[in-house]
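Chain by chain, the residues:
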Amino acid sequence: DSTTSSKPAFIIRDEIERVLGNLLISYQTKGFDIICSHSVVNSEDVVLEEGATNELKFEISIVKVQLLNVNGLLMKKISGDPWIYKSICDQILQN
C-alpha cells in the first residue's frame, strides 16, 4: 500500500478522519496531525504482548515529500500493542 498521494493534504486528512470514524477510533486533529486512541476489546483471538495495555495510542501526520512533490503519511505508535497497531494501520491504508 502506498503512503504517498498527489491529493491535497486537506483531502487526505478528511479521508483519514472518515476511515477512523468507520473503525470507531477516537481522534483529535491539530492541523495535519491526528492523535488517535482506541480501546481494544480483548477476545480469545487477541493476544496482547506482555506489558501492553488495552489502550492503543498513535499519531498520523500528513507531511510534504518535497523531492517528489507529493504528500505522505507518517504513522507512529505512542503506546499499546504493536500487533494491534500494525493491524489498524493496515486497515487505514486499505481504506
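Structure's up top.
So, here is what we can say about the structure in this document. (Residues numbered from 1 in each chain as written. Predicted model: local features only at pLDDT ≥ 70, side-chain atom pairs only at ≥ 80, totals over all residues. Heavy atoms only, no water.)

Details of the packing of aromatic side chains
Then comes step 1: By the definition in use, this model includes one aromatic pair.
Then comes step 2: Ring geometry for F58 against Y85: centres 5.9 Å apart, planes inclined by 65°, an arrangement best described as edge-to-face. With a gap of 27 residues between them, F58 in strand β4 (residues 55–65) and Y85 in helix α2 (residues 82–94) connect regions that are remote in the sequence. Exposure class is identical for F58 and Y85. Each is buried. (Phe/Tyr/Trp six-rings, centres within 6.5 Å; stacked < 30°, edge-to-face > 60°. Helix = DSSP H or I, 4+ residues; strand = E, 2+ residues; numbered from the N terminus. Buried < 20%, exposed > 50% of the residue type's maximum accessible area, 1.4 Å probe, protein only.)

Description of helix α1 (residues 9–22)
At 3.6 residues per turn, the α-helix brings residues three or four places apart onto the same side.
Then comes step 1: The end-to-end C-alpha distance of α1 is 20 Å, a good match for the 20 Å that 14 residues give at a rise of 1.5 Å each.
Then comes step 2: Among the residues making up α1, those that are buried are A9, I12, R13, I16, E17, V19 and L20. Projected down its long axis, α1 carries its buried residues within an arc of 165°, all on one side.
Then comes step 3: Next to the buried residues of α1 lie β1 (4–5), β2 (26–30), β3 (33–39), β4, β5 (70–79) and α2.
Then comes step 4: The positive-phi residue at the C-terminal boundary of α1 is L24, with phi of around 60°. (Expected span 1.5 Å × (residues − 1). Arc of directions from axis to C-beta. Contact = heavy atoms within 4.5 Å.)

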